[in-house]
Amino acid sequence: MNNKKDPAFRGLFTSRDVRTMLTDTIAAIATGFGVAAVGVVRLSGPEAVDIADRLFHSRSGIRLKEAESHRMLYGTIVDPGGGILDQALAVVMRAPRSYTGEDVVEFHCHGSPVVLRAVLTALISSGARSADPGEFTKRAFVNGKLDLVQVEGVSDLLYARSERARQLAVRQVEGALSQRIETMRQTLIAFLAHVHASIDYPDEVPEPTSQHWSECLQGILQQIDQLLAEAQLGIRVRDGIDTVLVGRANVGKSSLMNALLRTPRAIVTPVAGTTRDVIEESCEIAGVAFRLSDTAGISNSSDPVEREGIRRTRRRAAEADLLLGVFDASEPLRDEDLEVLRLLDQQKSIVVLNKSDLPRRIDTEIFDDRRVVSVSAITCVGLDALEKAMVEAAEVGEPKESLLTRPRQVGALRATAQAVRDVILGVEQGLTADCLAVDLEEALWHLGELTGETTPDEIINEIFSRFCVGK
Amino acid sequence: MDGGETGSMTFDEKCDVIVVGAGHAGCEAALAAARLGMEVLLFSISLENVAQMPCNPSVGGPGKGHLVREIDALGGEMARCIDATALQVRLLNTSKGPAVQSLRAQVDRNLYHLRMLQTLSNQPRLRLNEATVADLVIEGGRVRGVINQLGRRYGAEAVILCMGPYLASRVHVGHRSFPAGPRGQREASDLGQTLRRLGLRLMRFKTGTSPRVHARSLDTSRLTLLEGEYPGYGFSFETRRLDRPPLPCWVTHTTARTHAIIRKHLHDSAMYSGAIQGPGPRYCPSIEAKLVMFPDKDRHLVFIEPEGVHTHEMYLAGLSTSLPEDIQIEFVRTVPGLERAEITRFGYAIEYDCLDPLELERSLQLKKVKGLFAAGQINGTTGYEEAAAQGLMAGINAVRYIRGEEPVILDRSQAYIGVLIDDLVSKGTAEPYRMMTSRAEYRLLLREDTADRRLTPLGHSLGLISPERFAAFEKKQRQIEAEKARLEAVRVPANEQTAAFLQAMGSTPLTQTTNLKELLRRPELNYETLAVLDPEREVLEEETVRVVENDLRYAGYIERQQRQVAAQRRMEERRLPEDIVYSEIGGLSLEAREKLDRVRPQTLGQAARISGVSPADIAVLLVHLESRRRQGRGRVE
């Protein structure tokens, strides 16, 4: 094995990369995290133009399919149901004259993360696959776009570029975690070997009983579920706790957010956004990353723009890790405050009684049984207590070393779990061993993203080391 | 090209194709070439040994049975010959699903030989010749003919090597060993020297066989009867059912005493005394190897199989051994039912030279010598079926080579034959290669019952399928499609009668009108039981019904595998140019460079299956292909 020579480059490609390179169309938000004036969603692969064409209506009536390469078109992006997502510019760059060397389409949208995410979701539900980190670059590489003459130079470049990412990935699947995954893989291989041995040597090896099937598979499923639960935590640790500030208008949400951000801690992306949208910023408190989102105030307004803002706030609140319900302590509760309280019921939350520098007129009885913190966003009194409460509520605990944090790894585990569930269901429905074996192989294939591919030879070796067969 | 005799020469006789060796590979190769219009010369060391079965008198089983069906679907001979000479057949894995269901036959060894000899003798353009081929004639990197042991020269456009395990073979019994082929035949070592001179890599493999006993010395009251099916299924499309009454097999097992004797004398076994180096093949382990590898197992099964109707010899499958004769007698007699066993032939181990299959192209032509093909055990495989399958493909491709046509390459998703050859020429093998269902990743598409659908159109277009048979094939396919369409069209109302039927079958009642196709997908129902709801149905052949049922019931899985095949096909479509210089491609790992250079894969897909070639290496190859393509176009960008 000479793989030690350029390990980073070699670790960069998995067998899925190579197989899917010729078939899959991938999509991703190409611009950075946070709010910016413009955000780009990029699509690359054999179906890129077709998929984009279905979701984009140009003002001029020109279809993307027929559009000239490298020419910007203005129009609307719709979701597959026909709902308008954004006004945007679209540009088709046909192969090989594109970044990846494949057909590429870019949508230049408004820079709000919410809009960009919605566009990406629409593309994925229309047949694209969410791109893995670095996947566009990998495609550019194999299509010779980075350097056609000096392939060696390219691999050096990739080496340097991916070393950090690779080290991260390697560290993640080392030690206890990789041990757990490998044990799981071995269990699957042993079981698959049993199934195949009974198929290839029916006179000598009895078929596993359905009890045998379900015991083995339920065990694996439990292990995967546990890993996935830990992975959720890992992703939160990496991406930051998704924290949303909700409250009626004028309770001081924005000041509170500024207070939290103004503290002398790392402020990652302080960018202003459009007024009607959710504003997101990141900060770090006691080593824990938080993504703070300010939202439009809850009101009973009949203004259509405001109603839309409120709708988004609700949706945003529903997907948050942590809600900060902000109330004005200097005023009595209003109907809108009760509405906010209902929102808090859905999620892990902290009640923040703002404006503690003013005389208190709020009735706090209604907040009994809740986590309540009094602060003044203006004087910053009580901010420490709030931060402490946030870190507690985040429940990240001591940072663990062996956490799955990459969406791709988590995706592979989920797919493994799904394949295992299919097998369990198949056993219950009385599916025959030939089909069950294929589902088991699929589970191993997905697990291969984390452990490396399982080859047929490994299964065959297992058969002959476990079963005395052949005559 | 160094090796063989060179220079312009005259020949004593000429033909189109020469086949060296008349085992299972050689017979199929010679028949295919002759049927495709070639003048064929088939050499055998002994014509009494054409199509011999020196090991188990049995053919088929999972993976192997699939191969036999495929050979038949392409127009080969093996299946017809088995059907004509089978002593018993059993359909295996009936509970494990249609993809792995497979037929296995006990075959009358002598009748099989005679039936094949007769077929060869009746074949126009095919001549049999008893001789030992001693050398190859090679000129300008191209095979021109062969020379026999007496110096007679035969010219041909293509030569197919099917020598089985006869190259420098050595038989071992206990501490004694002597040069010989299976069943006491002469070995052939001259040709091995020729192959070495040509710079071909040879490997030394070993295998073994079991003692045979006289049937009258068995105590059948202590054996478990293993009966065949009657009437049994046949392997060939042309066979309906076998109506001969089957002969029984028997099962027994080794005992603690057997194991004690074998352990005590392990150092006397050729495999363990040091006479033969390295481990034996895993696919047919000797009883010694089983005891060593699985010391905790207190018994091993022994299958007692009849060798034919004209002999009382019985084969003791599971007791392959190279222990000395007296130890064989001693341990065999500790097996229940074999206490008075009268051994007619002793077991032995045999080692032999074979080609490293990485020397082959996917057409089974040797990379280093044009027109020279190899098939069967010489390529590192074990098994009659594996040999026959290669023989057929080598025969077909030798003819296509002579005619200047593209070789026929079966895809992994098309046939077990494709898996077999792709595995051999892409991965090589470190021990005798046996087909197993787990090797075929698209096995749900490679059912026994669809071998004809997968391969008969190809066999027909090649010219190996008769017009009558092709007409029957097409009729069957039309019936299958028509029946599938009909089952979808027949509506089943959600009424009381339906509910009563479904309840009786242990199935859930309908909530709305459905059709028979949907009902057929329920595991608890099948085509036969659905007759109650389907009074209009016509009587169809059993084989036709089987395909309809399997197609519909497994539609979801079949579609899934077809999608995988489609994705893989993109990789197979990317051809790797023949002049590619792997050592000059930057970014490839050293191991990948060596492996790629040795295998010289023909497609990117094949390259990806080579062990030691990582996905990163494939990515590098993609880059290389793209840059070549652009340079070829004069770099437009």
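Keep in mind that this is a model prediction, so the values were computed, not measured.

### A short note on the overall build of chain A
- Of regular secondary structure, chain A possesses 15 helices and 13 strands.
- Relative to all contacts within chain A whose residues are 6 or more apart in sequence, the contacts with residues 24 or more apart total 67%.

### Focus: the overall build of chain B
- The helix and strand tally for chain B stands at 19 helices and 26 strands.
- Dimensions along the principal axes, computed over C-alpha positions, put chain B at roughly 85 × 85 × 50 Å.
- Expressed as a percentage of its 637 residues, the buried residues of chain B come to 62%.
- Sequence-distant contacts in chain B: of pairs separated by 6 or more residues, those separated by 24 or more amount to 73%.
- Of the accessible surface of chain B, which amounts to about 24,200 Å², a share of 49% is contributed by carbon and sulfur atoms.
- Of note, chain B has its 84 positive side-chain charges centred 3 Å away from the centre of its 82 negative side-chain charges.

### Comments concerning the side chain of R454 of chain B
Residues and elements named next belong to chain B.
- Summarising the element assignment, R454 is placed in helix α11 (residues 451–462).
- The class for R454 is buried, based on a relative accessible area of 14%.
- Within polar-contact distance, the side chain of R454 engages the backbone oxygen of Q414 at 3.0 Å.
- If we skip the residues at most four places from it in the chain, R454 touches E70, Q414, A415, Y416, L445, L446, R447 and E448.

### So, the environment of K65 of chain A
Residues and elements named next belong to chain A.
- By the element assignment, K65 lies in the loop between β3 (56–58) and β4 (72–78).
- Separated by 265 residues in sequence, K65 and S330 place their C-alpha atoms 59 Å apart.
- Discounting residues that sit within four places of it in the chain, K65 has contacts with V49, D50, D53 and R94.

### Let's talk about the domain arrangement of chain B
All names here are of chain B.
- The domain architecture assigned to chain B consists of domain 1 (212–351), domain 2 (467–558) and domain 3 (574–632).
- For domain 1 and domain 2, the distance between their C-alpha centroids amounts to 44 Å.
- Contact residues are listed per partner, giving six residues for domain 1 and six residues for domain 2.
- Where domain 1 abuts domain 2, roughly 540 Å² becomes buried across the two surfaces, and 51% of that area is made up of carbon and sulfur atoms.
- Interface area lost by domain 1 to domain 2 is led by Y233, F237 and R240, which between them contribute 77%.
- Joining domain 1 to domain 2, the criterion identifies three salt bridges.
- The residue R241 makes a salt bridge to E542 at a minimum N-O spacing of 3.1 Å.
- Linking domain 1 to domain 2 there are three residue pairs in polar contact (both at pLDDT 80 or more).
- Of the residues belonging to the side of domain 1 that touches domain 2, the class tally is two nonpolar, one polar and three charged.

### Things to note about the pattern of salt bridges
- Under the definition given, this model contains 77 salt bridges over all chains.
- In this structure, the salt-bridge partner of R129 of chain A is D24 of chain A, at a minimum N-O distance of 2.7 Å. Here R129 of chain A, found in strand β7 (residues 129–130), pairs with D24 of chain A, found in the loop between α2 (15–21) and β1 (26–29); they are 105 residues apart in sequence, far enough to count as distant.
- By relative accessible area, R129 of chain A is classed as buried at 17%.
- Across the pair D203 of chain A and R90 of chain B runs a salt bridge, and its minimum N-O distance is 3.0 Å.

### A look at helix α11 (residues 335–345) of chain A
Residue and element names in this part refer to chain A.
- Within the span of α11, buried status applies to E336, D337, V340, L341, L343 and L344. All buried residues of α11 fall inside an arc of 155 degrees around its axis, so they share one side. For α11, exposure combined with an orientation more than 90 degrees from the buried face picks out D335, R342 and D345.

### A short note on the nonpolar core
- Grouped together as the largest cluster of nonpolar side chains are 105 residues, with contacts concentrated most on I18, I82, L136, L161, L195 and I417 of chain B.
- In terms of residue count, helix α9 (residues 384–402) of chain B provides more of this core than any other element does, 11 residues in total.
- Beyond its immediate chain neighbours, meaning those up to four positions away, I18 of chain B contacts L41, F43, V146, Y154, G155, A156, A158, V159 and I160 of chain B.
- Membership of the second largest hydrophobic core comes to 47 residues, among which are I224, A231 and V420 of chain A together with V565 of chain B.

### Considering unusual backbone geometry
- Note the cis peptide between A95 of chain A and P96 of chain A, where omega equals 0 degrees.
- Topologically, P96 of chain A is positioned in the loop between β5 (84–93) and β6 (104–110).
- Here the bond from Y230 of chain B into P231 of chain B is cis, since omega is -5 degrees, no more than 30 degrees from zero.
- Within the secondary structure, P231 of chain B sits in the loop between β16 (224–226) and β17 (232–233).
- Despite not being glycine, C380 of chain A shows a phi value in the positive range, around 70 degrees.
- Within the secondary structure, C380 of chain A is located in the loop between β13 (372–374) and α12 (383–394).
- With a relative accessible area of 33%, C380 of chain A lands in the partly exposed category.

### A look at the sheet that holds strand β13 (residues 176–179) of chain B
Residue and element names in this part refer to chain B.
- Strand order in this open sheet of four strands is β13-β12-β23-β14, and the pairing throughout is antiparallel. With partners counted over all chains shown, the strands left at the sheet margins are β13 and β14 (202–209), one partner each. For this sheet the average axis-to-axis angle between neighbouring strands, irrespective of direction, equals 20 degrees.
- Where strand β12 (residues 170–173) lies against strand β23 (residues 348–355), three bridges are found, and the strand directions are antiparallel. If you follow V171 over to β23, its bridge partner there is I350.

### Things to note about empty space enclosed by the protein
Residue and element names in this part refer to chain B.
- Enumeration over the complete set of coordinates arrives at six cavities of 30 Å³ or more.
- Approximately 100 Å³ is the volume found for the second largest cavity.
- In terms of lining, the second largest cavity is formed by 14 residues, of which the most central are R90, R104, Q106, C249 and E305.
- Among the elements of the structure, β5 (86–92), β6 (102–107), β19 (249–253) and β20 (301–306) are those that each provide at least two residues to the lining of the second largest cavity.
- Within the lining of the second largest cavity, the residues separate by chemical class into six nonpolar, three polar and five charged.

### Focus on the packing of aromatic side chains
Residues and elements named next belong to chain A.
- Throughout the structure, instances matching the rule amount to eight aromatic pairs over all chains.
- Ring geometry for F191 versus W213: centroids 4.7 Å apart, planes at 75 degrees, classification edge-to-face. With F191 in helix α7 (residues 175–200) and W213 in helix α8 (residues 210–239), this pair connects stretches of sequence that are 22 residues apart.
- F191 gets classed as buried once you look at its relative accessible area, which sits at 4%.

### Remarks on the sheet that holds strand β24 (residues 372–374) of chain B
Residues and elements named next belong to chain B.
- Spatially, β7-β3-β2-β11-β24 is the arrangement adopted by the five strands of the open sheet, whose pairing is parallel. Of all strands in the sheet, those with a lone pairing partner are β7 (126–130) and β24, marking the two edges. If you compare each strand with its neighbour and ignore which way they point, the axes differ by 20 degrees on average.
- Summarising the sheet, strand β3 (residues 40–44) and β7 pair through five bridges and their orientation is parallel. Within the sheet, the bridge partner assigned to L42 lies in β7 and is L128.
- Sitting on the sheet, helix α1 (residues 24–35) is in contact with β2 (17–20), β3, β7 and β11 (158–161), with an inclination near 165 degrees to β3.

### Some remarks on the interface of chain A and chain B
- Chain A puts 59 residues into the contact, and the matching count from chain B is 64 residues.
- Surface buried jointly by chain A and chain B totals about 5,500 Å² across both partners, of which 59% is contributed by carbon and sulfur atoms.
- At the boundary of chain A and chain B, one finds five salt bridges.
- Sorting the residues of the side of chain A that touches chain B by element identifies α1 (7–12), α2, α5 (135–142), α6 (151–172), α7, α14 (433–451) and α15 (456–466) of chain A as the ones contributing at least two each.

### Quick word on a negative patch on the surface
Residues and elements named next belong to chain A.
- A contiguous patch of negative charge on the surface is contributed by D363, E365, D368 and D369.
- With respect to the secondary-structure elements, E365 resides in the loop between β12 (349–354) and β13.
- Among the residues examined, E365 registers a relative accessible area of 60% and is labelled exposed.

### A word on the confidence of the model for chain B
All names here are of chain B.
- The share of residues in chain B with pLDDT of 70 or more is 97%, and the mean pLDDT across the chain is 92.
- Low confidence marks residues 1–7, where pLDDT is under 50. Its contacts with residues over four positions away, or in another chain, come to 23 contacts.
- Across the whole predicted complex the pTM is 0.79, and at the interface the ipTM reaches 0.88.

### A word on the confidence of the model for chain A
Residues and elements named next belong to chain A.
- Confidence in the prediction for chain A averages 78 pLDDT; 78% of positions are at 70 or higher.
- When pLDDT is averaged over each element of chain A, helix α3 (residues 48–55) comes out on top at 94 and α6 at the bottom at 38.
- Every residue in residues 1–11 scores below 50 in pLDDT, and together they form 27 contacts with partners more than four places removed in sequence or on other chains.
- Per-residue pLDDT stays below 50 along residues 147–174; that stretch engages in 39 contacts with residues further than four places along the chain or on separate chains.

What counts and how
Each residue is numbered by its place in its chain's sequence as written, counting from 1. Chain A is the first chain written and ligand 1 is the first ligand written, with later ones labelled in order. Local features in this predicted model are restricted to residues of pLDDT 70 or higher, and side-chain atom pairs are both shown and tallied only at a pLDDT of 80 or more, whereas totals for entire chains, interfaces and linings draw on every residue. Note that the side-chain values use all heavy atoms of the structure and ignore hydrogens as well as water. Helix and strand definitions here come from DSSP, where helices need a minimum of 4 consecutive H or I residues and strands a minimum of 2 consecutive E residues; each element is numbered from the N-terminal end. Note on contacts: a residue pair qualifies if any of its non-hydrogen atoms lie within 4.5 Å across the two residues. Relative accessible area decides the class of each residue, using a 1.4 Å probe on protein chains only: under 20% of the type maximum gives buried, over 50% gives exposed, and in between gives partly exposed. Here the accessible surface of atoms and residues is derived via Shrake-Rupley with a 1.4 Å probe, and residues count as covered only by protein chains that are part of the display. Note on charges: Lys and Arg go in the positive column, Asp and Glu in the negative column, and His and the chain ends are not counted at all. The location of each charge is read from NZ of Lys, CZ of Arg, CG of Asp or CD of Glu. Side-chain atoms alone can form a polar contact between residues adjacent in sequence; in general such a contact is a pair of N or O atoms within 3.5 Å, and within protein one must be able to donate a hydrogen while the other accepts it. Reported domain spans reflect what an automatic or database domain assignment gives. Once two parts are brought into contact, the accessible area they lose, counted with a 1.4 Å probe and summed over both, makes up the buried area. By salt bridge we mean one thing: a side-chain nitrogen of Lys or Arg within 4 Å of a carboxyl oxygen of Asp or Glu. Here the nonpolar group is Ala, Val, Leu, Ile, Met, Phe, Trp, Tyr, Cys and Pro; Asp, Glu, Lys and Arg are the charged ones; every other residue, Gly included, is treated as polar. The arc under discussion is defined with respect to the helix axis, by the directions toward the C-beta atoms. Each nonpolar core is a collection of buried residues, namely Ala, Val, Leu, Ile, Met, Phe, Trp, Tyr and Cys, held together in the definition by side-chain atoms within 4.5 Å. Any two strands with at least two DSSP-identified bridges between them are counted as paired. Orientation is described by lines fitted to C-alpha atoms, with helices fitted over the stretch in contact, and by angles between N-to-C directions that extend from 0 to 180 degrees. Only protein atoms enter the calculation, which uses a 1 Å grid: trapped sets of points that fit a 1.4 Å probe without letting it out are cavities, open sets showing protein on both sides within 12 Å along at least five of seven lines are pockets, and any residue with an atom within 4 Å of a point is a lining residue. Grid points are joined across faces, edges and corners, and a volume is the space filled by probe spheres set on the points. Within 6.5 Å between ring centres, the rings of Phe, Tyr and Trp (the latter by its six-membered ring) count as paired, and their orientation is classed by plane angle as stacked under 30 degrees, edge-to-face over 60, tilted in between. The patch calculation keeps residues exceeding 30% relative accessible area without a salt bridge and links them within 9 Å when they carry like charges or within 5 Å when they are nonpolar (Val, Leu, Ile, Met, Phe, Trp, Tyr). Residue-level confidence of the predictor is what pLDDT reports, using numbers from 0 through 100.

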